[in-house]
Amino acid sequence: MTFTHRHLLGIEHLRPEEIVTLLDLAEDYVALNRAPDKHKDALAGLTQINMFFENSTRTQASFELAGKRLGADVMNMAMQASSISKGETLIDTAMTLNAMHPDLLVVRHPHSGAVDLLAQKVNCAVLNAGDGRHEHPTQALLDALTIRRAKGRLHRLSIAICGDIAHSRVARSNIILLGKMENRIRLIGPPTLMPSGISEFGVEIYDDMAEGLKDVDVVMMLRLQKERMDGGFIPSEREYYHRFGLDAEKLSHAKPDAIVMHPGPMNRGVEIDGTLADDINRSVIQEQVEMGVAVRMAAMDLLARNLAAVRGAA
Ligand code: NCD
């Protein structure tokens, strides 16, 4: 098998062939999820704990569904209500959970690096469901699967990632993944929302949508991450929509068959026109959600196989 990791902490640790292995397995799960009986025993007997220290709708729901379809016992920890609010540290909480012998720990945390730290302290497989501005590996993998299905390949495509790049772990994981698979990446957004040092990642940078979108195959929109902003990064939402919000006119600069993506949650009328987001001829936003369940099933399946090998050897 070409996937030998103990944890899934970030795309930066994956080799291109491991990405392909995971996406190929996810294809099997897309088929399973469309069948009347959606169950397989890949995680039977295992315990999965979801720890979300930040709000989430689709990521948490799809990890839960993924675990249940594969036969795991799934528990969702309500972190706001837990001992964290009483001042317990992340590590203490993790050690407490570890003593309950989970096999898979799915963690979202507002601090970059918190999930890596936690993975060093527990003896189960840890999946990063988003840590601060750092990484969101399963999102990049589900985006990759969506692109591969829509375009028939995952290399030599021209892909624009637009909007609040600076605060986005989705952008960061996608830039790393799409770069590893040898695509041409353009980042489009106001200079205040571009991370410093980003040109080291081999990307092209634009602050004009018409220019940046010219002839691209894929347009990936991002939400303005207001919760991570501590000042005025944009003049106003109205002005932002005018310059950077995706509508039919701006999209007309991309290739005629370009697809529109968004990880959700969407702010209609801020970064994307609502009608365009719902246009099934251009938008693959619903398909991204579908791929999310399949990719998370594949990721947990692969990690569970490795867990058996690691524990068997111990
Ligand atoms: C993203 C996230 O949480 O990083 N959402 C998601 O997982 N689908 C993007 C966002 O919050 O804007």
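Described below are features of the structure shown in this document.

Concerning the overall build of the chain
Consideration 1: When you go through the chain residue by residue, the secondary structure sums to 11 helices and nine strands.
Consideration 2: Relative to its length of 314 residues, the chain is compact, with a C-alpha radius of gyration of 19 Å against a globular reference of 20 Å.
Consideration 3: Dimensions of the chain, computed from C-alpha atoms along their principal axes, come out at roughly 55 × 45 × 35 Å.
Consideration 4: Burial status across the chain gives 55% buried among its 314 residues.
Consideration 5: In the chain, 74% of the contacts between residues at least 6 apart in sequence involve partners at least 24 apart.
Consideration 6: By element, 51% of the accessible surface of the chain is carried by carbon and sulfur atoms, the whole surface being about 13300 Å².
Consideration 7: Computed over 35 positive and 41 negative side-chain charges, the separation of the two mean positions in the chain equals 2 Å.

Remarks on the sheet that holds strand S1 (residues 47-52)
Consideration 1: Pairing is parallel in the open sheet, where four strands are placed in the order S2-S1-S3-S4. Looking at the sheet topology across the chains shown, the edges are occupied by strand S2 (73-78) and strand S4 (125-131). Averaged over all pairs of adjacent strands, the angle between strand axes in this sheet comes to 15 degrees, irrespective of strand direction.
Consideration 2: Lying over the sheet, helix H2 (residues 58-69) contacts S1, S2, strand S3 (104-109) and S4, oriented at roughly 175 degrees with respect to S1.
Consideration 3: Sheet strands touched by helix H3 (residues 90-98): S1, S2 and S3. Its angle to S1, the strand with the most contacts, is close to 160 degrees.

Comments concerning the pattern of salt bridges
Consideration 1: On inspection of all chains with the given rule, the structure shows 19 salt bridges.
Consideration 2: In this structure, Arg 149 and Glu 287 form a salt bridge, with 3.2 Å as the shortest nitrogen-oxygen distance. On the criterion of sequence distance, the pair formed by Arg 149 in helix H5 (residues 137-151) and Glu 287 in helix H11 (residues 285-313) is long-range, its members being 138 residues apart.
Consideration 3: The class of Arg 149 is partly exposed, set by a relative accessible area of 29%.
Consideration 4: Because the salt bridges share partners, they merge into one network encompassing Arg 15, Glu 17 and Glu 18.

Description of the site of the ligand
Consideration 1: Lining the immediate surroundings of the ligand are Arg 58, Thr 59, Arg 108, His 136, Gln 139, Arg 169, Val 170, Arg 223, Gln 225, Pro 263, Gly 264 and Pro 265.
Consideration 2: At a separation of 2.7 Å, an oxygen atom of the ligand approaches a polar side-chain atom of Arg 223.
Consideration 3: One of the backbone N or O atoms of Pro 263 is found 3.0 Å from a nitrogen atom in the ligand.
Consideration 4: Considering the ligand on its own, with 320 Å² of exposed area, one finds that the protein chains cover 94% of that surface.
Consideration 5: Every element with two or more residues in the shell around the ligand is listed here: H2 and helix H6 (169-180).
Consideration 6: Residue classes in the shell around the ligand are distributed as three nonpolar, five polar and four charged.

Here's the deal with the packing of aromatic side chains
Consideration 1: Under the defined criterion, the tally for this structure stands at one aromatic pair.
Consideration 2: Ring centres of Tyr 240 and Phe 244 lie 5.6 Å apart, and the angle between their planes is 35 degrees; on these two criteria the pair is classed as tilted. Of the two residues, Tyr 240 and Phe 244 are both situated in helix H8 (residues 237-244); the distance of four residues between them amounts to about one turn of the helix.
Consideration 3: Residue Tyr 240 is classed as buried on the basis of its relative accessible area of 3%.
Consideration 4: Here Lys 250 stacks its cationic end above the ring of Tyr 241, 5.9 Å away from the centre of that ring.

A few points about the sheet that holds strand S9 (residues 259-261)
Consideration 1: Pairing is parallel in the open sheet, where five strands are placed in the order S7-S6-S5-S8-S9. Two strands lie at the open edges of the sheet, namely strand S7 (204-206) and S9, each paired on one side alone. Mean inter-strand twist for the sheet, computed between neighbouring axes without regard to direction, equals 20 degrees.
Consideration 2: As paired elements, strand S6 (residues 184-188) and S7 share three bridges and run parallel to each other. In the strand pairing of S7, Leu 187 is matched with Ile 205.

About the cut-offs
- Residues numbered from 1 in each chain as written.
- Predicted model: local features only at pLDDT ≥ 70, side-chain atom pairs only at ≥ 80, totals over all residues.
- Heavy atoms only, no water.
- Helix = DSSP H or I, 4+ residues; strand = E, 2+ residues; numbered from the N terminus.
- Rg over C-alpha atoms; globule rule 2.2 N^0.38 Å.
- Buried < 20%, exposed > 50% of the residue type's maximum accessible area, 1.4 Å probe, protein only.
- Contact = heavy atoms within 4.5 Å.
- Areas by Shrake-Rupley, 256 points an atom, 1.4 Å probe, with all protein chains shown as cover.
- Lys, Arg positive; Asp, Glu negative; His and termini not counted.
- Charge placed at Lys NZ, Arg CZ, Asp CG, Glu CD.
- Pairing = 2+ DSSP bridges.
- Axes fitted to C-alpha atoms, helices over the stretch in contact; angles between N-to-C directions.
- Salt bridge = Lys/Arg side-chain N within 4 Å of Asp/Glu carboxyl O.
- Near = heavy atom within 4 Å.
- Polar contact = N/O pair within 3.5 Å; in protein donor to acceptor, adjacent residues only side chain to side chain.
- Nonpolar A, V, L, I, M, F, W, Y, C, P; charged D, E, K, R; others polar.
- Phe/Tyr/Trp six-rings, centres within 6.5 Å; stacked < 30°, edge-to-face > 60°.
- Lys NZ or Arg CZ within 6 Å of the ring centre and 35° of its normal.

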